[in-house]
Each structure stands twice: as structure tokens, then as C-alpha cells.
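If you want the building blocks of each chain, they are given just below.
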Amino acid sequence: MKSITYYILLIIIKIKGIKKTYSKSPIDYLALRKNDVYFIRKKLFSTSFIKTYKIKQTKISEIKSNESSNKLLLWIHGGAFISGPFKHHWDTIERISKETNYTIWLCDYPKAPENKINQISDNIDLVYDFANKKYNHNEITLIGDSVGGTLIIALIQRLIIRGCQLPNRLILISPVLNASFDNPLIDKIEKKDPILSKKGVLSAKKMCVGNDSLVNPNISPINGNFISFPMTQLYIAENDITYPDQLLLIENLRDSRVPHSIFFGKGMPHIWPLLPLMKESKIALTDIINSLK
């Protein structure tokens, strides 16, 4: 049985017209960017040391508490490649920072349509290479929501091809696996998805891929290899159009003998562990924090 806070959040989502925005093609990326939050509210991070710097075109916001250890949580945020980060990213990072001893990097990478997937991927590669020089790879955890999960999975596939050191763990929250959105099960789930619509999300992917193909593993990592992946934690939601492809991901992880865990959000929407108000969100986020501890 879902909590009362779940239904309150659904009302808020409907009033804000989020699904309506994601139902347009071409998607209005400028409207989505009005909700971007680029700067940290320092009052909420009063117990942390904060600095920002750039790696190529990516802005890194580093949050470090007084008790930070030599562990790094590298967060690659979602936003359909065209927007973000959002308030819920900062709110979640604030809680993780207070309850763990990780140093946290939020990566604000270049966005489409001004930048294409290969440029974005190059930035992610450089960010990880820089992190791997500053931290032991066994002390690095990558976390990503939505297309942040896309970028993380594709990064690991490229690192394996290059023979590079891999991070200790991946935490993937509603990762997007296939930019084509051609899984026949998606149409049935779209009726129940309160946030995303195939039409608008597919439009965003086309903006990001440019003249390249949507089957490119950099944007559709389900087409890549999963052998030798590090421990992978999955947070997936039943009422999410990205869910059918996540089931294929689970099959790939099992076939490739990748250690993994699955936290299933029955009746939950896209990226539900990061959404405010919901009791279900708090439970899932607590699970993420406990895994970091």
C-alpha cells in the first residue's frame, strides 16, 4: 500500500505539468532549464567545505565535511542530457554529506543540444581520470540518476575497453539504457508513468545524438558489454518508462556474472529515491546511505 505522501507528490507533479513538458516534440529544453540549480545553498551545507572548479567543460562542485575520509562519491546527474542539476540533487547530496564521510563531487557536464553525446562522454572520461589520480580507485563510488546512469554505464564500458582501473561500486537510480525507446513494453507503462513521456524523452535523445546513431553505446549502453563491471546497485521503479530496459540490464548483469543488488520501487515513478515528501523515497535513500556507510 502506497503512503499518503505518494499521492500528495503525484498531485504536485500534475499541477506543475511535468509530464506535459516531457510530452512535447521537440522538447522545450529551455523551459526545463528554468528549474536548474547551479549553485549550492551554503546555509544548508554549513558544516561542509565547498569549492568549485572546471575539468574541460564540466563544473565540479566539491562538498567535503569536517570528517571527510579518502572516499569519493562522484555524482553524475540526470536531466535528459538537456538540463540539470535540480534542487532534488542538492537536497539529496546535503543528506548524504551529513550522514557519511564521503567527499562528494557533483558533475555539471555540458548539455545538449549545444553539445552532443561524444563531447559529453569526453568530459565524463576526463572527470573520472582526474578522480582516479586523486583517489584510490577502490575508494571511488559512482552514482547517477536517469541519464546520469546512462553516462556511468557507458563510462565503465569505455574504461574496460581501455584497460583502466574501475571504481569500487556503481549506484544507478532509474538509469536510461536505450535511447531509441523501442521496447514494446514502454507503451503500456507510459499510461501509468506520472513524469516521463516517450515522445519528449526520445526528442531529447535525438538532440543529444546529432548525426550519430541512437544505438551508439555511449547513449544506449544496453548495446555494450557488461563483463567485468564492478558491484552495481540498481534502484528501479515499476511506473517508469525506462523500467522495461532496466529488466534487460538485470539479465545482462546476471549473464555477465556481475555482483549486483536490486531495490524495487513497486508502483513508484522515475528516480523516486530522490523525490521530496514521499515516505517511499526516504526509505530508498536511507538504503543508499547505509550502503555507503
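Q: Help me out: how do you make sense of the pattern of salt bridges in this one?
A: For side chains bearing opposite charge, pairing can occur when the charged atoms are close. For the structure on display, the rule yields nine salt bridges. Here R162 ties to D129 by a salt bridge, and the two come within 3.4 Å at their closest N and O atoms. In this pair, R162 is assigned in helix 6 (residues 147–162) and D129 in helix 5 (residues 117–134), connecting sequence segments 33 residues apart. For R162, a relative accessible area of 42% corresponds to the partly exposed category. The exposure class of D129 is partly exposed, given its relative accessible area of 23%.

Q: Any chance you could explain the packing of aromatic side chains here in plain terms?
A: Aromatic ring pairs are defined here through the distance separating the ring centres and the angle between the ring planes. All chains considered together, the criterion is met by nine aromatic pairs. Ring centres of Y243 and F264 lie 6.0 Å apart, and the angle between their planes is 40 degrees; this geometry places the pair in the tilted category. In this pair, Y243 is assigned in helix 9 (residues 243–255) and F264 in strand 8 (residues 260–265), connecting sequence segments 21 residues apart. For Y243, a relative accessible area of 15% gives the class buried.

Q: Would you mind showing me how to read the pairing of strand 6 (residues 169–173) here?
A: Residues in a regular strand point their side chains to alternate faces of the sheet. The element strand 6 is largely enclosed, with a buried count of four among its five residues. Judged from the five bridges that link them, strand 5 (residues 140–145) and strand 6 form a sheet pairing that is parallel. Of the residues in strand 6, the one forming a bridge with T141 is R169. Traced from strand 5 through helix 6 to strand 6, the parallel crossover comes out right-handed. Pairing of strand 6 with strand 7 (residues 231–237) involves five bridges; the strand directions are parallel. Its bridge partner lying in strand 7, I171 is registered against Q233.

Q: Just checking my understanding: could you explain a nonpolar patch on the surface for this structure?
A: Among the surface-exposed residues, I4, I8, I12 and L277 lie close enough to one another that they form a single nonpolar patch of about 360 Å² accessible area. Here I8 is to be found in helix 1 (residues 4–16). Classification of I8 by relative accessible area gives partly exposed; the value is 39%.

Q: Explain helix 9 to me, please; I cannot follow it from the model alone.
A: Every α-helix carries 3.6 residues per turn, so stepping three or four residues along brings you back to the same face. Spanning 13 residues, helix 9 covers 19 Å between terminal C-alpha atoms, matching the ideal 18 Å at 1.5 Å per step. Of the positions making up helix 9, those classed as buried are Y243, P244, D245, Q246, L249, I250 and L253. Along its buried surface, helix 9 packs onto helix 6, helix 7 (186–190), strand 7 and strand 8. Directly after helix 9, the chain includes R257, whose backbone phi takes a positive value near 55 degrees.

About the cut-offs
Residues numbered from 1 in each chain as written. Predicted model: local features only at pLDDT ≥ 70, side-chain atom pairs only at ≥ 80, totals over all residues. Heavy atoms only, no water. Salt bridge = Lys/Arg side-chain N within 4 Å of Asp/Glu carboxyl O. Helix = DSSP H or I, 4+ residues; strand = E, 2+ residues; numbered from the N terminus. Buried < 20%, exposed > 50% of the residue type's maximum accessible area, 1.4 Å probe, protein only. Phe/Tyr/Trp six-rings, centres within 6.5 Å; stacked < 30°, edge-to-face > 60°. Pairing = 2+ DSSP bridges. Right-handed = clockwise from strand over helix to strand, strands pointing away. Patch = residues over 30% accessible without salt bridge, like charges linked within 9 Å, V, L, I, M, F, W, Y side chains within 5 Å. Areas by Shrake-Rupley, 256 points an atom, 1.4 Å probe, with all protein chains shown as cover. Expected span 1.5 Å × (residues − 1). Contact = heavy atoms within 4.5 Å.

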